[in-house]
Amino acid sequence: MEEQRHYNLITTILFFSGIIVMGSLYTALPLTAAFAHSFHIPQSVATLNGVIFSIMYSISCLFYGTISDKYGRIKTILIGLSGLTIICFIIGFVQSFSLLLIMRAIQGIFAATFSPVAITYTTETYPAKKRVTAISFISTSFMLSGVLGQNLSELIVHHLNWRWVYFTLTVLYLCLIFVIYRYVPESPRRNADVQLLKFFNNFKDFRDNLKVLYCLFISFTLLIMFISMYAILNLYILSDKVNGDMSTASLVKLFGVIGMLVSLLGGRLSGRIGIKRVISLALLTSTLSLILMGITTNIICITIFSVTFVAGIAFAIPSVISKVGMTVKHNQGFFLSVNTVILFMGTAIAPILMIYIAKLPQYFLMFASIACIGLISFIVSLFMPKDESAH
């Protein structure tokens, strides 16, 4: 019973940590207009703050698995959180957009210490029967941050200004450092002999694992769809067609949490119908939800379809992670790190893509353009190897 409480506490801490750490990415998404106004630049230029963060975050994810192998999982996470605390505090005072970009790049590097290391930590320290549930909670926290982070940011900007978003994050990261240091034990596994430069030798393993490219392509599309949908949804609700206000938009986005929580049943569902079918059904659900959102102006229907869309994405992310592990013949840790890089690279593409999608004359076309990405991803999922013959 004591051991049960021990794992539940660590899972809870990692769950909330995932929400707060990924807040570095998602709290900035609604700040584009505020950055443009504050630094007197076009909004298209202001989106670079998110792009530079996502690129540095994605690339850095590739290395922290190996670094934490050498120096320790929790130690690596704590160093990253310490860096985030300092950088967020500095960002609150920057007076030039160029300096903001530099700070956001460094912020991305430090933020990347959490997701790949936390998943690896869970994989090697949890018993098998608790592992899938714990990873599902951590994966869900990354998406939950997409809703809560944006809502928090909008709320703070509405009452104060964008600088207070980063002061708030500073306090939250300080709290995380204390809680993780106090309650999360270090992983007993460590390899001090790991040579970091030999990491690049892993790329040659792609020759024997070409089928994993299907999984990586699907991962690439998931957060592009997720971030783009919420950007379009916000515009749609505030438009003359729906006649909603900011509080309505925030409430609709909060309902997306239901879809994320339902996805925690993904482990049981994949056990019944198989991971490949779960991925295909999840992508089809999200694609159809996008089309249906674009053809209705009823706020209740829009909310329902946004929930089913989010549920589809939330089911797909941990399922693709599991599929990557099943598909590769060896060196799963490396390919899971690559999958994380590809997944979050989508967060760099989405703001750029939205510059062009927002220019489309109809909201239906905006939703349909994202649905096209989902449809392609669904078709690709059909070519993935079957679960029982993944190798």
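Residues numbered from 1 in each chain as written. Predicted model: local features only at pLDDT ≥ 70, side-chain atom pairs only at ≥ 80, totals over all residues. Heavy atoms only, no water.

(A) Structural view of empty space enclosed by the protein. Within this structure, the stated rule accounts for one cavity of 30 Å³ or more. Quantified by volume, the largest cavity comes out at close to 50 Å³. Residue assignment for the lining of the largest cavity shows that the elements contributing at least two residues are helix H9 (128-159), helix H15 (299-327) and helix H16 (332-357). Split into classes, the residues belonging to the lining of the largest cavity amount to six nonpolar, three polar and no charged. (1 Å grid on protein atoms, 1.4 Å probe; cavity = no way out; pocket = protein on both sides within 12 Å on 5 of 7 lines; lining within 4 Å. Points joined across faces, edges and corners; volume = space filled by probe spheres on them. Helix = DSSP H or I, 4+ residues; strand = E, 2+ residues; numbered from the N terminus. Nonpolar A, V, L, I, M, F, W, Y, C, P; charged D, E, K, R; others polar.)

(B) Highlighting the packing of aromatic side chains. Inspection of every chain in the model, using the stated rule, returns 19 aromatic pairs. Centroid distance Phe-89 to Phe-93: 5.2 Å. Interplanar angle 70°. Geometry classified as edge-to-face. A relative accessible area of 49% places Phe-93 in the partly exposed class. Ring centres of Phe-142 and Phe-344 lie 6.1 Å apart, and the angle between their planes is 70°; on these two criteria the pair is classed as edge-to-face. Pair noted here: Phe-142 is in helix H9 and Phe-344 is in helix H16, with a separation of 202 residues, a long-range link. (Phe/Tyr/Trp six-rings, centres within 6.5 Å; stacked < 30°, edge-to-face > 60°. Buried < 20%, exposed > 50% of the residue type's maximum accessible area, 1.4 Å probe, protein only.)

(C) Summary view of the pattern of salt bridges. A complete count under the given rule lists one salt bridge for this structure. Note that Lys-253 and Glu-154 form a salt bridge whose closest N and O atoms lie 2.9 Å from each other. Residue Lys-253 is located in helix H12 (residues 246-262), and its partner Glu-154 is located in helix H9; the two are separated by 99 residues in the primary sequence. Owing to a relative accessible area of 3%, Lys-253 belongs among the buried residues under this scheme. (Salt bridge = Lys/Arg side-chain N within 4 Å of Asp/Glu carboxyl O.)

(D) Structural detail: unusual backbone geometry. Backbone geometry places His-40, a non-glycine residue, at a positive phi of 55°. Considering the arrangement of structural elements, one finds His-40 in the loop between helix H3 (32-39) and helix H4 (43-46). Since its relative accessible area comes to 71%, His-40 is described here as exposed. In this structure, Asn-243 takes a positive phi of about 60° despite not being glycine.

(E) Layout of the side chain of Thr-85. When you line up the elements, Thr-85 lands in helix H6 (residues 73-91). If near-sequence neighbours (up to four positions away) are discounted, Thr-85 is found in contact with Thr-170, Tyr-173, Leu-174 and Ile-177. (Contact = heavy atoms within 4.5 Å.)

(F) Region of the structure containing the nonpolar core. Core analysis: the biggest nonpolar cluster contains 115 residues, and Trp-162, Tyr-166, Tyr-173, Leu-222, Phe-226, Leu-290 and Phe-309 have the highest contact counts within it. For this core, the element with the most residues is helix H11 (residues 212-238), which contributes 15 residues. Other than its neighbours up to four places away in sequence, Phe-226 contacts Tyr-26, Met-143, Gly-146, Met-260, Phe-309, Val-310 and Ile-313. (Core = buried A, V, L, I, M, F, W, Y, C linked by side-chain atoms within 4.5 Å.)

(G) Representation of the packing of H11 against H15. The N-to-C vectors of H11 and H15 enclose an angle of 160°; their axes lie 10 Å apart at closest approach. Classified by the interaxial angle, the pair formed by H11 and H15 is roughly antiparallel. Relative to H15, H11 is oriented so that their crossing is left-handed. Broken down by class, the residue content of the contact of H11 with H15 amounts to 21 nonpolar, three polar and one charged. (Axes fitted to C-alpha atoms, helices over the stretch in contact; angles between N-to-C directions. Parallel < 35°, antiparallel > 145°, perpendicular 65-115°, else oblique. Left-handed = near helix turned anticlockwise from the far one by under 90°.)

(H) Broad picture of a nonpolar patch on the surface. A cluster of nonpolar side chains, namely Leu-148, Leu-251, Leu-254, Phe-255, Ile-258, Val-262 and Leu-265, defines an oily patch on the protein surface of about 570 Å² accessible area. Here the nonpolar patch takes five residues from H12, the largest share from any one element. Looking at where Leu-251 falls in the secondary structure, it is placed in helix H12. (Patch = residues over 30% accessible without salt bridge, like charges linked within 9 Å, V, L, I, M, F, W, Y side chains within 5 Å. Areas by Shrake-Rupley, 256 points an atom, 1.4 Å probe, with all protein chains shown as cover.)

(I) Focus on the environment of Met-229. Within the secondary structure layout, Met-229 lies in helix H11. Met-229 sits in the buried class, given a relative accessible area of 0%. Spatially, the C-alpha atoms of Met-229 and Gly-108 are 23 Å apart, while their sequence positions differ by 121 residues. Residues contacting Met-229, with those up to four places away along its chain left out, are Leu-290, Met-293, Ser-306, Phe-309 and Val-310.

These figures capture arrangement, not role.
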